[in-house]
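Fold and geometry: a report
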Amino acid sequence: PVVMDDILVNFDPDRARNAGRAIIELSQTHQVFFFTCHPEMLGLFHEQCGDTPTYVFSQGRIERRTS
């Protein structure tokens, strides 16, 4: 697996989009865990790959986000 923790937070929007595309491509051959507390990062991945699975950690629970 590849584990990333908010690695795009300091990227400008174009670089973040390009890096997001590369991460999605990587996910075709590797298991990728991308952790973030920034909702706009989720939007970046969902914009490029609408079926990106998303999970939310809240109050000691992990729940799959459906939208």
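Shown above is the structure to which this text applies.
Residues numbered from 1 in each chain as written. Predicted model: local features only at pLDDT ≥ 70, side-chain atom pairs only at ≥ 80, totals over all residues. Heavy atoms only, no water.

Some details on the pattern of salt bridges
Heads up, the rule is: For this document, the term salt bridge refers to a Lys or Arg side-chain nitrogen within 4 Å of an Asp or Glu carboxyl oxygen. Summary of the burial criterion: residues with accessible area below 20% of their type's maximum are buried, those above 50% are exposed, and those between are partly exposed, where the area comes from a 1.4 Å probe applied to protein chains only.
This model, assessed by the stated rule, comprises 3 salt bridges. A salt bridge links Arg 15 to Asp 12, with the nearest nitrogen and oxygen atoms 2.6 Å apart. The partly exposed category is assigned to Asp 12, whose relative accessible area is 30%.

Topic: the environment of Ile 62
Short version of the rule: What counts as a helix is a DSSP run of H or I of at least four residues, what counts as a strand is a run of E of at least two, and both are numbered from the N terminus. Contacts: residue pairs with any heavy atoms within 4.5 Å of one another.
Positionally, Ile 62 belongs in strand E4 (residues 61-65). Residue contacts for Ile 62: discarding those within four places in its chain leaves Tyr 55, Val 56 and Phe 57.

Let's talk about helix H2 (residues 39-48)
For clarity, the threshold we go by: Summarising the geometry, the arc corresponds to the directions from the helix axis toward the C-beta atoms.
Listed in full, the buried residues belonging to H2 are Met 41, Leu 44 and Phe 45. The arc that holds every buried residue of H2, seen down its axis, measures 90°, which confines them to one face. What points out from H2, more than 90 degrees from its buried face, is the exposed set Pro 39 and Glu 47. Where H2 is buried, its residues contact helix H1 (13-26) and strand E2 (32-35).

Some remarks on the packing of aromatic side chains
Let me state the cut-off plainly: Aromatic contacts are taken between Phe, Tyr and Trp rings whose centres are within 6.5 Å, Trp giving its six-membered ring; a plane angle under 30 degrees counts as stacked, one over 60 as edge-to-face, and the others as tilted.
Tallying each qualifying case throughout the model produces 2 aromatic pairs. Ring plane angle 65° and centroid distance 4.9 Å describe the contact between Phe 34 and Phe 45, whose orientation is recorded as edge-to-face. Of this pair, Phe 34 sits in strand E2 while Phe 45 is found in helix H2, placing the two residues 11 residues apart along the sequence. On the basis of relative accessible area, Phe 45 is assigned to the buried category, the value being 8%.

Coordinates in, geometry out; function isn't part of it.
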